[in-house]
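Chain by chain, the residues run as shown.
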Amino acid sequence: MEKSIDQKKPPRYLSKISRETFDKLKEQILHVLVVEKKYRDRTFNAKKLAELLHTNTRYVSIVLSVRYHVNYTTFINRLRIEEAMALLVDKRYAELRIEEISDMVGFSNRQSFYRAFCVHTGKTPRQYQQTFE
(Lines give C-alpha, C1' and ligand atoms only; values in the text may rest on other atoms or scores of the structure.)
Protein backbone atom coordinates (compact mmCIF):
# COMPACT_ATOMS: atom_id res chain seq x y z
CA MET A 1 0.00 0.00 0.00
CA GLU A 2 1.40 3.42 -0.98
CA LYS A 3 1.80 6.15 1.57
CA SER A 4 -0.08 9.36 1.06
CA ILE A 5 1.89 12.55 0.57
CA ASP A 6 1.28 13.56 4.19
CA GLN A 7 2.67 10.27 5.46
CA LYS A 8 5.89 10.32 3.46
CA LYS A 9 9.06 10.22 5.46
CA PRO A 10 11.17 13.36 5.31
CA PRO A 11 14.32 13.10 3.20
CA ARG A 12 17.19 11.38 5.01
CA TYR A 13 19.45 14.40 4.89
CA LEU A 14 16.99 16.27 7.12
CA SER A 15 17.75 13.85 9.92
CA LYS A 16 21.31 15.21 9.87
CA ILE A 17 20.20 18.57 11.25
CA SER A 18 17.94 19.36 14.21
CA ARG A 19 14.97 21.67 13.79
CA GLU A 20 16.54 24.12 16.22
CA THR A 21 19.82 24.18 14.30
CA PHE A 22 17.94 24.50 11.01
CA ASP A 23 15.93 27.52 12.22
CA LYS A 24 18.98 29.18 13.77
CA LEU A 25 21.04 28.72 10.62
CA LYS A 26 18.22 29.98 8.41
CA GLU A 27 18.16 33.26 10.36
CA GLN A 28 21.96 33.55 10.42
CA ILE A 29 22.27 32.88 6.70
CA LEU A 30 19.69 35.54 5.91
CA HIS A 31 21.40 38.02 8.20
CA VAL A 32 24.84 37.50 6.67
CA LEU A 33 23.75 37.35 3.05
CA VAL A 34 20.81 39.77 2.95
CA VAL A 35 21.35 42.25 5.79
CA GLU A 36 25.16 42.39 5.63
CA LYS A 37 24.99 41.99 1.83
CA LYS A 38 27.89 39.54 1.69
CA TYR A 39 26.58 38.45 -1.71
CA ARG A 40 28.33 41.52 -3.12
CA ASP A 41 31.70 39.99 -2.23
CA ARG A 42 32.62 37.81 -5.19
CA THR A 43 35.09 35.83 -3.02
CA PHE A 44 32.49 35.00 -0.36
CA ASN A 45 31.50 31.38 -0.94
CA ALA A 46 29.56 28.66 0.89
CA LYS A 47 32.68 27.53 2.71
CA LYS A 48 33.35 31.04 4.07
CA LEU A 49 29.70 31.36 5.07
CA ALA A 50 29.83 28.05 6.92
CA GLU A 51 33.04 29.05 8.70
CA LEU A 52 31.55 32.40 9.70
CA LEU A 53 28.50 30.63 11.15
CA HIS A 54 30.63 27.93 12.85
CA THR A 55 28.97 25.15 10.91
CA ASN A 56 29.67 23.12 7.78
CA THR A 57 28.75 23.56 4.14
CA ARG A 58 26.46 20.53 4.28
CA TYR A 59 24.20 22.28 6.80
CA VAL A 60 24.22 25.49 4.77
CA SER A 61 23.29 23.47 1.71
CA ILE A 62 20.45 21.70 3.55
CA VAL A 63 18.96 24.98 4.78
CA LEU A 64 19.08 26.62 1.35
CA SER A 65 17.74 23.53 -0.36
CA VAL A 66 14.85 22.94 2.03
CA ARG A 67 13.87 26.54 2.70
CA TYR A 68 14.51 28.13 -0.71
CA HIS A 69 14.72 25.11 -3.04
CA VAL A 70 18.03 26.29 -4.51
CA ASN A 71 21.74 25.76 -4.07
CA TYR A 72 24.15 28.38 -2.71
CA THR A 73 25.14 29.79 -6.10
CA THR A 74 21.56 30.18 -7.28
CA PHE A 75 20.59 31.88 -4.01
CA ILE A 76 23.51 34.33 -4.24
CA ASN A 77 22.81 35.08 -7.90
CA ARG A 78 19.16 35.71 -7.10
CA LEU A 79 20.13 38.33 -4.50
CA ARG A 80 22.60 39.93 -6.90
CA ILE A 81 20.09 40.07 -9.76
CA GLU A 82 17.37 41.56 -7.55
CA GLU A 83 19.73 44.35 -6.49
CA ALA A 84 20.90 44.85 -10.09
CA MET A 85 17.27 45.15 -11.21
CA ALA A 86 16.72 47.95 -8.69
CA LEU A 87 19.93 49.74 -9.70
CA LEU A 88 19.20 49.48 -13.42
CA VAL A 89 15.99 51.48 -13.04
CA ASP A 90 17.19 53.87 -10.31
CA LYS A 91 17.76 57.32 -11.84
CA ARG A 92 20.67 57.92 -9.43
CA TYR A 93 22.62 55.20 -11.26
CA ALA A 94 21.56 56.12 -14.81
CA GLU A 95 25.10 57.18 -15.76
CA LEU A 96 26.61 53.81 -14.84
CA ARG A 97 27.36 51.21 -17.47
CA ILE A 98 25.67 47.83 -17.07
CA GLU A 99 29.09 46.28 -16.42
CA GLU A 100 29.62 48.68 -13.50
CA ILE A 101 26.31 47.62 -11.97
CA SER A 102 27.28 44.00 -12.50
CA ASP A 103 30.49 44.65 -10.59
CA MET A 104 28.68 46.52 -7.79
CA VAL A 105 26.41 43.57 -7.05
CA GLY A 106 29.24 41.03 -7.01
CA PHE A 107 29.48 39.36 -10.39
CA SER A 108 33.03 38.60 -11.45
CA ASN A 109 32.44 38.95 -15.18
CA ARG A 110 29.97 40.27 -17.71
CA GLN A 111 29.05 36.86 -19.11
CA SER A 112 27.98 35.36 -15.78
CA PHE A 113 25.94 38.49 -15.03
CA TYR A 114 24.11 38.42 -18.35
CA ARG A 115 23.48 34.67 -18.11
CA ALA A 116 22.11 34.88 -14.56
CA PHE A 117 20.06 37.99 -15.39
CA CYS A 118 18.45 36.34 -18.40
CA VAL A 119 17.66 33.18 -16.43
CA HIS A 120 16.06 35.21 -13.61
CA THR A 121 14.15 37.78 -15.69
CA GLY A 122 13.88 36.38 -19.21
CA LYS A 123 15.49 39.60 -20.50
CA THR A 124 18.95 41.03 -20.92
CA PRO A 125 19.86 43.81 -18.46
CA ARG A 126 19.49 46.39 -21.24
CA GLN A 127 16.07 45.07 -22.28
CA TYR A 128 14.98 45.19 -18.64
CA GLN A 129 16.29 48.74 -18.27
CA GLN A 130 14.53 49.89 -21.44
CA THR A 131 11.13 48.79 -20.10
CA PHE A 132 11.44 51.55 -17.48
CA GLU A 133 12.68 54.37 -19.72
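Refer to the structure printed above.
Worth saying up front: this structure is predicted, and the values here are computed from it rather than measured. (Residues numbered from 1 in each chain as written. Predicted model: local features only at pLDDT ≥ 70, side-chain atom pairs only at ≥ 80, totals over all residues. Heavy atoms only, no water.)

Colleague: What is the right way to read unusual backbone geometry from this model?
Modeller: Across residues other than glycine, the phi torsion is negative in most instances, and most of the peptide bonds are trans. A positive phi angle, close to 55 degrees, is found at K37, a residue other than glycine. With respect to the helices and strands, K37 occurs in the loop between α1 (19-35) and α2 (46-52). The class for K37 is partly exposed, based on a relative accessible area of 33%. Look at H54: it is not a glycine, yet its phi comes out positive at around 55 degrees. Its place among the elements puts H54 in the loop between α2 and α3 (57-68). A relative accessible area of 75% means that H54 is categorised as exposed. (Helix = DSSP H or I, 4+ residues; strand = E, 2+ residues; numbered from the N terminus. Buried < 20%, exposed > 50% of the residue type's maximum accessible area, 1.4 Å probe, protein only.)

Colleague: What am I meant to see in the packing of aromatic side chains here?
Modeller: Aromatic ring pairs: the centre-centre distance and the angle between the two ring planes describe each pair. The final tally for this structure, using the stated rule, is six aromatic pairs. On the numbers, 5.6 Å between centres and 70 degrees between planes, the contact of F117 with Y128 is edge-to-face. With F117 in helix α6 (residues 110-121) and Y128 in helix α7 (residues 125-130), this pair connects stretches of sequence that are eleven residues apart. In this structure, R80 is placed above the aromatic ring of F107, and the distance from its NZ or CZ to the ring centre is 5.3 Å. Sitting above the plane of the Y114 ring, R110 keeps its charged end 4.3 Å from the centroid. (Phe/Tyr/Trp six-rings, centres within 6.5 Å; stacked < 30°, edge-to-face > 60°. Lys NZ or Arg CZ within 6 Å of the ring centre and 35° of its normal.)

Colleague: So what exactly am I meant to see when it comes to the packing of helix α4 (residues 72-89) against α6 here?
Modeller: Each pair of packed helices can be described by the angle between their axes along with the distance between the axes. Running from N to C, α4 and α6 point in directions that differ by 85 degrees, and their axes come no closer than 10 Å. By the angle class used here, α4 and α6 are roughly perpendicular. Contact residues: N77, R78, I81, E82, A84, M85 and L88 in α4; F113, A116, F117, H120 and T121 in α6. Split by residue class, the contact of α4 with α6 holds seven nonpolar, three polar and two charged. (Axes fitted to C-alpha atoms, helices over the stretch in contact; angles between N-to-C directions. Parallel < 35°, antiparallel > 145°, perpendicular 65-115°, else oblique. Contact = heavy atoms within 4.5 Å. Nonpolar A, V, L, I, M, F, W, Y, C, P; charged D, E, K, R; others polar.)

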